[in-house]
Amino acid sequence: MKSNEAFTKILKENGKVLLDDNLLNGIWMIFAQLSSFDEFQSWAEKLAPSYPESITDPESNEAYVMAAASIYRNVIAANSASESPEETLKLLLNIGIEKKMYLIFAYSLKYLIKYMVEKNNDLKRAILLVESYQAQLEMSRIYFYLVRAELGALCLNKGERQLAFDYLSPLRETELPFFYIEKLDYLIAAMQVFFDRDKEISAAQSSRALEFSKSNQSILNIDRFKIYGETAVGLAHTNRTREALYLLAEGYEKILDEFIDSDEYKAVIIRFGHTIMYVMQILNYQKPIDFGENQKFVIPEPGFFYRNNDALLQGGFYFEERKYMVATLTTDGFEEILDFENARKWAYKAIELITSLLEEPRFIALIQKFVFYPVNDKQYLHAFNMLAEVQSFYKRIAKKVEDSNESQEETEIGEMVRAAGLLSGDIEIYLYILFPVALDFSLSILSGEMKREDYETHIDAVFHSGNYNIFDPEEFAYAKSVFENILVHGMDFNGFMEVHGKITSSNKDLIHKIGCFLLSTFSSPTEAANIHLANLITLDKIYRVTFKSFYNFQVIPYFENFWKLKFKNDPKAFQHSEHLLNRGFPLIEKTIPHKRIKKIFIVLLNHLSISLSSEIEQFIETED
């Protein structure tokens, strides 16, 4: 072997003492290239009778550690079928003791018991072997840690959780130099065995694993990503679901940046999606309603990201759109906790993924839930083009159904499309674009941000439909005229109602609501309150349930800011204005977001002469 020849050459050139102050760690560079029984035996025979203590210091000599750790790669992983790894490992174990290179001994023992259990399923013999070398292991906390941690992990993998705990728990406070990457293996096993007894300790182990993986460049990216997931699982089980969500988002962003087309990466994306869904259900319902025994999904527990992937990847369970779906779930999570900036960031990431992954993605219809974000950013053409992508998808499905060439899934989608009239009307542009724009214009005018001389320019910017094929151009033109007549020409409520009463188009009701909210901008506070309440009865439920991003990030802030601006612009129109300023508005701000709109009108009832129908009264008083 070339490595042995190199060793002999160094020996000849340097006399009897192989290692001196000049050569230092050359011995370990050679050792790390050896793999056979004969090579290791020859290496040991040629060792000098003495060498500097620093060469075999397990606390500070990283080269020594790396050489010892290479035993697994060279003896077991790359072993040829013609040679027994067990015999070579026993040789190295004895060399380590004889030459007082106890780290070689410890690693050899560690890998020998690993081979015994994983290859020969002989856990009992492995335990007895470790016990027989107890005195040598206790010479250093490092030797003790390496072997006992391995034995504990092997017990865990064999389902012997009590034995695993017995071996692993005494090592919890043991610290090793940073270059021992085996610490990560210990922490992965420890977080699983401690989970049965103390979830906080388990979560602490996963957090330590994440810190270690971030600080140690020797850790593979895929392991680092798995640890992000494991740490999030620990946080979720210790009532820190928000922290779990942020960690999952951080880890998932790194996965997307570093993605490699391999089974391990595909599996970790599936598991990230699973865990984000688990966290999402806790955020939504205070418990994971679809996870558990006899439920749709298993509860992710420590070790979840290190499970076998064979079954997970069978039958095409992974597909490229999963990347998009996980980004969508991440967006949903940030929307739930009202983190606008992160929700916006992940919405755009989801849009980017779904529009770039495939020519005909199966789940592109979901992007319409994110149309709010470009609308909010005044990127109206982008918003229309997103709806055009959805429109094209529905048309493809309809064509396949017409040609009797559809799958069962496509048949169901086609029936849904027909039932909802998604190819026979333009409801999406009124729900997802024009109504949000009406609220935005209303506030911008009240605040003085939008000037009268710019109204027409802003309206024109909205009514460019891009790639979206308008089903009813006359209706679309009428909607634009509503904006123009109210904002530019000053049409009042009666004038609007007279014109609108003659309209028969399919989205007449939505256009009516758009007009009403535009009109409320110029109405007296009392008239505005009556207009808002009359429309909220139906709109509140529609948007709160089906369009959460818009409801949380625009509808709720709209009503808060609208009424603060109305008060600022005309405080005398409000009865007991000082009380509203000092008590009413602070009370509204303290109300939890999803109850805030109703609270606004409960407060305003004390300051404006609002007309209350029985329907409106029921709406205000009904608990959400």
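In case you missed it, the structure is sitting above this.
Now for a quick tour of the structure. (Residues numbered from 1 in each chain as written. Predicted model: local features only at pLDDT ≥ 70, side-chain atom pairs only at ≥ 80, totals over all residues. Heavy atoms only, no water.)

Observations regarding the overall build of the protein
Argument step 1. Along the backbone of the protein there are 30 helices and zero strands.
Argument step 2. Relative to the 2.2 N^0.38 estimate, which gives 25 Å for 624 residues, the radius of gyration of the protein is 34 Å and therefore markedly larger than a compact globule would have.
Argument step 3. Referenced to the eigenvectors of the C-alpha coordinate spread, the extents of the protein come out at roughly 105 × 65 × 50 Å.
Argument step 4. Total accessible area computed for the protein in this model is approximately 29100 Å², and 49% of it derives from carbon and sulfur atoms.
Argument step 5. If the 66 positive side-chain charges of the protein are averaged to one point and the 89 negative ones to another, these points end up 3 Å apart. (Helix = DSSP H or I, 4+ residues; strand = E, 2+ residues; numbered from the N terminus. Rg over C-alpha atoms; globule rule 2.2 N^0.38 Å. Areas by Shrake-Rupley, 256 points an atom, 1.4 Å probe, with all protein chains shown as cover. Lys, Arg positive; Asp, Glu negative; His and termini not counted. Charge placed at Lys NZ, Arg CZ, Asp CG, Glu CD.)

Section: the environment of Glu589
Argument step 1. Tracing the sequence through the fold places Glu589 in helix α28 (residues 577-590).
Argument step 2. Judged by relative accessible area, which is 44%, Glu589 ranks as partly exposed.
Argument step 3. The sequence separation of Glu589 and Phe225 amounts to 364 residues, and the corresponding C-alpha distance is 39 Å.
Argument step 4. Excluding residues within four positions of it along the chain, Glu589 makes contact with Lys564 and Arg596. (Buried < 20%, exposed > 50% of the residue type's maximum accessible area, 1.4 Å probe, protein only. Contact = heavy atoms within 4.5 Å.)

A look at the nonpolar core
Argument step 1. One finds Trp43, Trp563 and Phe601 to be the most contacted residues of the largest nonpolar core, which totals 209 residues.
Argument step 2. Sort the elements by how many residues they give to this core and helix α21 (residues 427-447) lands first, with 14 residues. (Core = buried A, V, L, I, M, F, W, Y, C linked by side-chain atoms within 4.5 Å.)

Description of the packing of aromatic side chains
Argument step 1. With the rule as written, the count across this model stands at 49 aromatic pairs.
Argument step 2. Taking 5.4 Å as the distance between ring centres and 75 degrees as the angle between the ring planes, the aromatic pair formed by Phe272 and Phe305 counts as edge-to-face. In this pair, Phe272 sits in helix α15 (residues 263-285) while Phe305 sits in the loop between α15 and α16 (321-336), placing the two residues 33 residues apart along the sequence.
Argument step 3. The exposure class of Phe272 is buried, given its relative accessible area of 0%.
Argument step 4. Each ring, one from Tyr558 and one from Phe559, has its centre 5.2 Å from the other, and the planes form 80 degrees; the classification is edge-to-face. The residues Tyr558 and Phe559 share a single accessibility class, namely buried.
Argument step 5. The ring centre of Phe165 lies 3.8 Å from the NZ or CZ of Arg197, which sits over that ring.
Argument step 6. Lying over the aromatic face of Phe259, Lys323 brings its terminal NZ or CZ to 3.7 Å of the ring centre. (Phe/Tyr/Trp six-rings, centres within 6.5 Å; stacked < 30°, edge-to-face > 60°. Lys NZ or Arg CZ within 6 Å of the ring centre and 35° of its normal.)

Focus on the side chain of Thr238
Argument step 1. By the secondary structure assignment, Thr238 is in the loop between α13 (221-236) and α14 (241-258).
Argument step 2. Among the polar contacts made by the side chain of Thr238, one reaches the main-chain carbonyl oxygen of Gly234 at a distance of 2.9 Å.
Argument step 3. Apart from the residues lying within four places of it in its own chain, the contact partners of Thr238 are Lys199, Glu200 and Ala203. (Polar contact = N/O pair within 3.5 Å; in protein donor to acceptor, adjacent residues only side chain to side chain.)

What to know about unusual backbone geometry
Argument step 1. Of note, Gln286 is a non-glycine position whose phi angle comes to about 70 degrees, a positive value.
Argument step 2. Residue placement: Gln286 occurs in the loop between α15 and α16.
Argument step 3. In this structure, His576 takes a positive phi of about 50 degrees despite not being glycine.
Argument step 4. Here His576 is to be found in the loop between α27 (548-569) and α28.

So, the pattern of salt bridges
Argument step 1. Applying the stated rule across the entire model yields 25 salt bridges.
Argument step 2. A salt bridge links Glu59 to Arg141; its shortest N-O distance comes to 2.4 Å. Placement of the pair is Glu59 in the loop between α3 (37-45) and α4 (62-77) and Arg141 in helix α9 (residues 141-157), with a sequence separation of 82 residues.
Argument step 3. Glu59 gets classed as partly exposed once you look at its relative accessible area, which sits at 34%.
Argument step 4. Here Asp196 makes a salt bridge to Arg161, at a shortest N to O gap of 2.6 Å. Taken together, the positions of Asp196 in the loop between α11 (182-195) and α12 (199-215) and Arg161 in helix α10 (residues 161-168) put the pair 35 residues apart, joining distant regions of the chain.
Argument step 5. Assessed through its relative accessible area of 45%, Asp196 is described here as partly exposed.
Argument step 6. Within the structure, one salt-bridge network assembled from shared partners comprises Glu86, Lys90, Asp122 and Arg125. (Salt bridge = Lys/Arg side-chain N within 4 Å of Asp/Glu carboxyl O.)

Structural notes on helix α30 (residues 614-621)
Argument step 1. Buried within α30 we find Ile616, Phe619 and Ile620. Projection of α30 onto a plane perpendicular to its axis shows the buried side chains occupying an angular sector of 95 degrees, all on one side. Facing away from the buried side of α30 by more than 90 degrees, the exposed set consists of Ser614, Gln618 and Glu621.
Argument step 2. In this structure, the buried side of α30 is in contact with α26 (525-546) and α29 (596-604). (Arc of directions from axis to C-beta.)

Digging into the environment of Phe435
Argument step 1. The topology assignment puts Phe435 in helix α21.
Argument step 2. Exposure remark for Phe435: the relative accessible area of 3% places this residue in the buried category.
Argument step 3. For the pair Phe435 and Ser54, spaced 381 residues apart in sequence, the C-alpha to C-alpha distance is 74 Å.
Argument step 4. Apart from the residues lying within four places of it in its own chain, the contact partners of Phe435 are Tyr430, Lys513, Ile514, Phe517, Leu539, Tyr543 and Phe550.

Considerations on the packing of α12 against α13
Argument step 1. Two elements in contact, α12 and α13, have axes separated by 8 Å at closest approach and are oriented at 155 degrees. Considered as vectors, α12 and α13 are oriented roughly antiparallel to each other. Taken as a pair, α12 and α13 cross one another with a handedness that is left-handed. On α13, the residues touching Ala203, Ser206, Ser207, Ala209, Leu210, Ser213 and Lys214 of α12 are Arg224, Ile227, Tyr228, Glu230, Thr231 and Gly234. (Axes fitted to C-alpha atoms, helices over the stretch in contact; angles between N-to-C directions. Parallel < 35°, antiparallel > 145°, perpendicular 65-115°, else oblique. Left-handed = near helix turned anticlockwise from the far one by under 90°.)

Observations regarding the packing of α26 against α27
Argument step 1. The interhelical angle for the contact between α26 and α27, taken along N-to-C directions, is 165 degrees, at an axis separation of 11 Å. Viewed along their axes, α26 and α27 adopt a mutual orientation that is roughly antiparallel. For the pair α26 and α27, the sense of crossing is left-handed. Facing α26, whose interface residues are Pro525, Ala528, Ala529, His532, Leu536, Asp540, Tyr543, Arg544 and Thr546, α27 presents Lys548, Phe550, Tyr551, Tyr558, Phe559, Phe562, Trp563 and Lys566.
Argument step 2. Per-class residue counts for the contact of α26 with α27 are 11 nonpolar, two polar and four charged. (Nonpolar A, V, L, I, M, F, W, Y, C, P; charged D, E, K, R; others polar.)

Describing the environment of Leu434
Argument step 1. Within the secondary structure layout, Leu434 lies in helix α21.
Argument step 2. Along the sequence, Leu434 and Phe463 sit 29 residues apart, while their C-alpha atoms lie 8.9 Å from each other.
Argument step 3. Beyond its immediate sequence surroundings of up to four residues, Leu434 is in contact with Ile429, Val462, Phe463, Phe476, Ala479, Phe483 and Ile514.

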